[in-house]
Each structure stands twice: as structure tokens, then as C-alpha cells.
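The primary structure of each chain is shown beneath.
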Amino acid sequence: LDAFHEFRRGKIHILPELSIDELKKALDQGGAALGGRGQVVTASTNRRVHMLAVNHRRTAMQNLDLRKGFSLAIDRDEILNELFIRGVPQQNRRFTAAMSGPFPPNSWATVKAPGGLPVPLVNRADAALRLKRYLDIPGAKAEFDLAFTTGDPHAQAVCAKIKEHIESLTKDAPRKLTIKLQPLEPRELHRVVFGEHRYDLAYVPYDYPDDWHPLALASMLDPGAASTGGRNFTEYLAPGTNPPPADRDLGSELAGIQEYRDFANQILPRAKRIHQLFNDTVPFIPLWQLDRHMLVNNGLRVYVDDAVETSPYHVLNPSILFHNVGRWRLE
């Protein structure tokens, strides 16, 4: 199926989740591929982030040097620039940025340096020391699977770069880390990662449901939800995963923040502490937030929430795209 052809014919009226290649095709030559039927829209509502999920049920992943070494090894900006930013016009870039902690880069809960700039997570010198220290442990596992979906056209290139960044730090060491790429069909990836929790590392998206990011993080990392099929697909702090004191401290903060209502004096400072504790313990490896683009037919009229008047296309949330679709109309 040629989605652009069907869009020009008026058979498709909205095409969400454009890949970067599709975005460039849609913008090329003044939008010639759209045949004058529609426009590219970059969503202004976006709470999706991308991560490397870490399976804490795996004994090796309970080692902080390994988890933190993986995270510090990855040059997120290099991968973003090469695969997601180059050639994309500035007007189509609202959110794309490297993460500096567990929350979206522009979140109120994300700790920033003076001047409002993010604090990069990459530190390859420290990563090399940590990975060497891990490999010096007798019997330490040195080969890990990295699962990703074949449904994402850029996932294999992303994971190949992550593999390169990690493996390059131990290539001259007596023992070498090996990352084995594991492409899975979308349904299979969902079953293996979110259903069965049967993976080492996995490149996956996560959608924060609202702007109360620390509360959603607490829900996702809830040790009471770490059983098979549970929302804590990392099994962080689950019974039998041997969490050290720093992990237990983060768990306490995540549980405690749900008890407070005073934003300025209680929630905000606790959120900052959660950000810092998360970066110290690395329950999962934060990567980046990406813009979400869609094609929309010029005749489509959409409504968001309880709006009486039609809503601008950019306020559509791709994660719940067809909410209120019963009120939409095509002119």
C-alpha cells in the first residue's frame, strides 16, 4: 500500500506517525507528494519518550556499574543528529531532544543546569571505567540481547549505533562486551517485553499519560506491578532482584510523592530528588523524545475534548488520536 498515493486519492484523511523519511518526502518540492490535498502537522501534545528498558530480573542487570556504564556510553545527541534531526526544518521540530533523566526534556520535573540547559547523560570516560569494573567480576556475563521492533523503520539503525557506542569502549579490553541485536515483529516485541518480561535490553517508547510525570514514573516502577504482564515491565525493585540501598531510596521517594498535594513546597523538590536518584540508579536508560508528525487532509475538521469550535490539527495527541472522532467531519 502506497499511503501517499491513497492520501492523494482521498482514501486516507489522516496519516499519523510519519517516519523521518516520510516526513522529508511530504515536505519535498513544496509538498508535491501530497497533491494539494493536505499538510504536514507536528503535534504540540507529546508525552512519549524512548528508552532502553532494562530487565532487572536478569542478574547482570542488577549491577549498577553495568547499567550506568551502558547509559553513560550512549551519545544521544550524535544519534539524534544523524538519524532524526538532519534535514528536518526547524518549524517541524518542537520536542526532539536528548533526555537527561527519566522525564521528558522540557518537563517541569527535569533538573536543568544554570541557564535552563539540560545536563547531558553521556560520559564515555566514566562509562569505560564502569564497564571494565563490571567485566572484572569473575563470571560476569558479557553478551546481551537488545530487542527492537521491525515496525519502526529507524529502530535497527538506532540500535546499531547504541551497539557501536557500547562495544567500542571494551574493544581493546581482555574481555569484551557484545550487544546482539534482536529484531522482533511488533506483536512479538510487545509480548516479550511488556507481557512476559523476557529480555535483556529493549528499545521501546513509553507514553506518560499526563504532565504529572513523577506519579506516572512511580506507577511504572511500582514493585507491586512487576509480575508477568504487569506495568512494571523492567521488574525494578521486584522481590528477588536484590536492590541496593540507593534503589530502595528511589523506591521510597516514588512511593512517597503520591501522598503530597503542595506543588511548590512538596511535589517539586521531591520530583527533583527523584530525577537525581534515578540518574544515580538507572532503572532504565533514558534516550530521547522525538517529534510526532502526521499528514492531515485539508478538509478534515477535528474536535478535542469538549471544544465547541473546531480545533487546530497540531493539538491532536497521537497517542489518543481518535478521541472524539465521532464529532469529526470531512468537508
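Please read all numbers here as calculations on a predicted model, not as lab measurements.

Counting its secondary structure elements, the protein chain contains 10 helices and 11 strands. In terms of overall dimensions, the protein chain is globule-like: its C-alpha atoms have a radius of gyration of 21 Å, near the 20 Å expected for 331 residues. By its C-alpha atoms, the protein chain is 65 × 50 × 40 Å across when sized along the principal axes. Per-residue burial over the protein chain gives 50% buried out of 331 residues. Partitioning the intrachain contacts of the protein chain with sequence separation of at least 6 by distance along the chain shows that 75% fall at a separation of at least 24. When the accessible surface of the protein chain is split by element, carbon and sulfur atoms take 51% of a total near 15,500 Å². Between the mean site of the 41 positive side-chain charges and the mean site of the 39 negative ones, the protein chain shows a separation of 1 Å.

Under the defined criterion, the tally for this structure stands at 27 salt bridges. The partner of Arg273 in a salt bridge is Glu253, and the shortest N-O contact between them spans 2.9 Å. With Arg273 in helix 10 (residues 263-281) and Glu253 in helix 9 (residues 245-257), this residue pair connects regions lying 20 residues apart in the sequence. A residue is classified by how much of its surface remains accessible, and Glu253, at 13% relative accessible area, is buried. Residues participating in the shared-partner salt-bridge network are Glu17, Arg48, Asp207 and Arg292.

Pairing in this open sheet of three strands is antiparallel, and the strands run 1-9-2 from one edge to the other. At either end of the open sheet lies a strand with only one pairing partner, and these are strand 1 (14-15) and strand 2 (38-42). Note that strand 1 and strand 9 (residues 293-297) share two bridges and pair antiparallel. Among the inter-strand pairings, Ile14 is bridged to a residue of strand 9, identified as Val296.

Moving on: the nonpolar core. Grouped together as the largest cluster of nonpolar side chains are 52 residues, with contacts concentrated most on Phe70 and Tyr203. Membership of the second largest hydrophobic core comes to 33 residues, among which are Leu189, Ala202, Val204 and Leu237.

Rules of the game
Residues numbered from 1 in each chain as written. Predicted model: local features only at pLDDT ≥ 70, side-chain atom pairs only at ≥ 80, totals over all residues. Heavy atoms only, no water. Helix = DSSP H or I, 4+ residues; strand = E, 2+ residues; numbered from the N terminus. Rg over C-alpha atoms; globule rule 2.2 N^0.38 Å. Buried < 20%, exposed > 50% of the residue type's maximum accessible area, 1.4 Å probe, protein only. Contact = heavy atoms within 4.5 Å. Areas by Shrake-Rupley, 256 points an atom, 1.4 Å probe, with all protein chains shown as cover. Lys, Arg positive; Asp, Glu negative; His and termini not counted. Charge placed at Lys NZ, Arg CZ, Asp CG, Glu CD. Salt bridge = Lys/Arg side-chain N within 4 Å of Asp/Glu carboxyl O. Pairing = 2+ DSSP bridges. Core = buried A, V, L, I, M, F, W, Y, C linked by side-chain atoms within 4.5 Å.

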